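# Survey of secondary and tertiary structure
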Amino acid sequence: MKIQLAPMEGVFDSVTRDIFSQIGGFDHFVTEFIRVSAHLLPSSVFYRYCPELHNQGRTRHGDPVFVQLLGSDYELMALNAERAVDLGAPGIDLNFGCPAKRVNQHEGGARLLQEPERVEGVVSAVAKRVGSRVPVTAKVRLGYENKDHCVDIAKAAENGGATHLTVHARTKIEGYKPPAHWHYIAKMKRAISIPVYANGDIWTVEDAKRCLALSECENLALGRSAFSNPSLALEIKSQLLTVPAPSPGLSWQDLSGHWLPYFIETTRQTYSDQFALHRTKQWTKNLGRQFPEALDVFESIKRSQKLQELSSVLTFRD
Ligand SMILES: Cc1cc2nc3c(=O)[nH]c(=O)nc-3n(C[C@H](O)[C@H](O)[C@H](O)COP(=O)(O)O)c2cc1C
C-alpha cells in the first residue's frame, strides 16, 4: 500500500511537507497547483512552489515531491512540465479536480472533466515531453456535473500516458460535501491498469479499511484528515499492513512540545512572522478535530495580531 499526501493549496507548503515527511507514513508528496495559463513560467515560480527542487525534488527526509500543474493548453503544459523536470522535479502531477470558479472559467481544473478527450490531450502532451524521464500522474474527480463519464475520464488519463491516477470521489458540483462515493472509484479502477489512489473523506483507520474495500484500490491519498491527524498515514499502515510501522501515532504532547514549535520556527524563517501566525491559527484549528487541546490553543490565539503573542501558549524560540 502506498499513501500520498493529497495536495492542498494554501495549506500544504514545503514546511508542512517537511514535517509530514519526517513524521512518516507517506510515500510521496505533491506541491500546491501551479497555474499555467499564458507562458513558460520562470524558474523562480517553480522554486517558490517547490523549494525542494534545491534538493533534487525531495524533502529533507528524502521523499519525492511531484510538481503539480493546472492548465489546458497542451503545448504550454508540456513546456512548463519540461522546465520543472529540468529543475529537478521527480514527477509531474496534473490537476483536473480544482472546483474554483475562476480556474474553471479559464478552462482549468475540473472543467476539463466535461471533455475527457482534453484530459487525454493534456496528459499525452506532458507525457510525450517528459514521460521518459519522470512519472506523469493525474488527479481527477468523478466528473463535473454527474458521474456518467467517470470511466471515460480514467481511460483518458491512462491513454494519455499517466503512470498513476488519484481520484477524489466526488463530482465538481459536490464540492467537498460528504459523503465521498468510493465505490465509483472501483468502476474506474476496473477499466484501467495503472495504479489508482483513492481519495476523499478518509478520516480514520476504519474509513481507510472501508475505502480500500469499496474502491478496490491498494493506495490512498489523504488531505484534510492528515492535517488534523498528522500520523494517520502511519496509523493506517501500522494497522493494515502485516509488517507494522514502528510508530503507532502522535500524542498532543508530541505536537505541542515538538511539531508545532518546529512548524512556527520553520514557517517564520521560510516566509515571515505574519505568515507563521496565520498558519499556526489554521493548523491548531484543524488539529482541533482530532485533539481537543488544540482547539483550546486556537481559541486563545485566534485574535492574536503578532506571532510573539503565541509564546504564552506555545513554546517556540521568540
Ligand atoms: C483547502 C484545499 C486546497 C486544495 N488544493 C488542492 C490542490 O492544490 N490540488 C489538488 O489536486 N487538489 C486540491 N484539493 C483537493 C484535495 O487534494 C483532496 O482531493 C480533497 O480535499 C479530498 O480529500 P480529503 O477528504 O482527504 O481532504 C484541495 C482541497 C482543499 C480542502
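Residues numbered from 1 in each chain as written. Predicted model: local features only at pLDDT ≥ 70, side-chain atom pairs only at ≥ 80, totals over all residues. Heavy atoms only, no water.

## Quick look at the domain arrangement of the protein chain
What counts is decided by this rule: Segment limits for the domains were obtained from an automatic or database-derived domain assignment. Should any heavy atoms of two residues lie within 4.5 Å, those residues are counted as being in contact. For this document, the term salt bridge refers to a Lys or Arg side-chain nitrogen within 4 Å of an Asp or Glu carboxyl oxygen.
Entries for the protein chain in the domain assignment read domain 1 (3–240) and domain 2 (252–312). One C-alpha centre belongs to domain 1, the other to domain 2, and the line joining them spans 27 Å. Domain 1 puts 15 residues into the contact, and the matching count from domain 2 is 17 residues. In this structure, the connection of domain 1 to domain 2 is made through one salt bridge. For Asp 13, the salt bridge is made with Arg 279, and the minimal N-O distance between the two is 2.9 Å.

## Concerning the state of the cysteines
So the rule is basically this: A pair of cysteine sulfur atoms is labelled a disulfide when the two atoms are within 2.5 Å.
Going through the model one piece at a time under the given rule, you end up with zero disulfides. The thiol of Cys 98 is not disulfide-bonded; the next cysteine sulfur, from Cys 50, is found 19 Å away. Just so you know, Cys 150 is unpaired, no disulfide at all, and the nearest cysteine sulfur is the one on Cys 217, 12 Å from it.

## As for helix α10 (residues 232–240)
We count it as follows: The classification of residues rests on relative accessible area computed with a 1.4 Å probe and restricted to protein chains. Under 20% of the type maximum is buried, over 50% is exposed, and intermediate values are partly exposed. Labels follow the DSSP assignment, with helices taken as runs of H or I lasting at least four residues and strands as runs of E lasting at least two, numbered in each case from the N terminus.
For α10, the tally of buried residues reaches seven of nine residues, placing the bulk of the element in the interior. Those residues of α10 that sit buried are Leu 232, Ala 233, Leu 234, Glu 235, Ile 236, Lys 237 and Ser 238. Residues of α10 that are buried make contact with β1 (3–5), α1 (14–23), α8 (205–215), β8 (219–222) and α9 (224–228).

## Quick word on the site of the ligand
What counts is decided by this rule: Near residues are defined by distance, with any heavy atom within 4 Å of the molecule or strand qualifying the residue. Counted as a polar contact is a pair of N or O atoms within 3.5 Å, where, for protein atoms, one must be capable of donating a hydrogen and the other of accepting one, and residues adjacent in sequence contribute only when both atoms are in side chains. Lys, Arg, Asp and Glu make up the charged group, whereas Ala, Val, Leu, Ile, Met, Phe, Trp, Tyr, Cys and Pro make up the nonpolar group; the residues left over, Gly among them, are polar.
Residues in close proximity to the ligand total 16 residues, the closest being Pro 7, Glu 9, Asn 199, Asp 201 and Arg 224. Gln 68 is positioned with one of its side-chain polar atoms (N or O) 2.8 Å from a nitrogen atom of the ligand. Measuring from an oxygen atom of the ligand, one finds a side-chain N or O atom of Arg 224 at 2.7 Å. Its residues assigned to classes, the shell around the ligand shows six nonpolar, six polar and four charged.

## Observations regarding the side chain of Thr 59
With respect to the secondary-structure elements, Thr 59 resides in the loop between α2 (43–49) and β3 (65–70). Exposure remark for Thr 59: the relative accessible area of 2% places this residue in the buried category. For Thr 59, the side chain forms a polar contact with the side chain of Ser 21, separated by 2.8 Å. Apart from residues lying up to four places away in sequence, Thr 59 is in contact with Arg 17, Ser 21, Phe 29, Glu 52 and Val 65.

## Regarding the packing of helix α7 (residues 182–191) against α8
For the record, the criterion: Structural elements are reduced to axes, namely lines fitted to C-alpha atoms, with helices fitted over the stretch in contact, and the angle between N-to-C directions of any two is expressed from 0 to 180 degrees. If an angle is under 35 degrees, it is roughly parallel; if it is over 145, roughly antiparallel; if it lies from 65 to 115, roughly perpendicular; otherwise it is oblique. By definition, turning the near helix anticlockwise from the far helix through less than a right angle yields a left-handed crossing, and turning it clockwise yields a right-handed one.
Direction vectors running N to C along α7 and α8 enclose 40°, while the axes themselves pass 7 Å from each other. The pairing of α7 with α8 is recorded here as oblique in orientation. With respect to the hand of their crossing, α7 and α8 are arranged in right-handed fashion. Listed contacts from α8 to Trp 182, His 183, Ile 185, Ala 186 and Lys 189 of α7 are Asp 207, Arg 210, Cys 211, Leu 214 and Ser 215. A per-class count over the contact of α7 with α8 returns five nonpolar, two polar and three charged.

## Describing unusual backbone geometry
In the segment running from Pro 178 into Pro 179, the intervening peptide bond is cis, with an omega of 5°. Mapped onto the fold, Pro 179 is located in the loop between β6 (164–171) and α7. Positive phi outside glycine occurs at Glu 107, with the angle close to 60°. Along the polypeptide, Glu 107 turns up in the loop between α4 (101–105) and α5 (116–130). Of note, Asp 201 is a non-glycine position whose phi angle comes to about 60°, a positive value. Along the chain, Asp 201 turns up in the loop between β7 (196–199) and α8.

## Focus on the packing of aromatic side chains
We count it as follows: Here is the rule: rings of Phe, Tyr and Trp (six-membered ring for Trp) pair when centre to centre is within 6.5 Å. Planes less than 30 degrees apart are stacked, more than 60 are edge-to-face, and the remainder are tilted. Think of it as a cone above the ring: NZ of Lys or CZ of Arg counts as a charge over the ring if it is within 6 Å of the ring centre and within 35 degrees of the ring normal.
In the structure shown here, the tally under the stated rule is nine aromatic pairs. Considering the side-chain rings of Phe 227 and Trp 283, the 6.1 Å spacing of their centres and the 15° angle between planes classify their relative orientation as stacked. Residue Phe 227 is located in helix α9, and its partner Trp 283 is located in helix α12 (residues 273–287); the two are separated by 56 residues in the primary sequence. A residue is classified by how much of its surface remains accessible, and Trp 283, at 0% relative accessible area, is buried. If you follow Arg 141 out to its NZ or CZ, it ends over the ring of Tyr 176, 5.2 Å from the centre. Seen from the ring of Tyr 184, Lys 187 lies directly overhead, with NZ or CZ sitting 5.0 Å from the centre.

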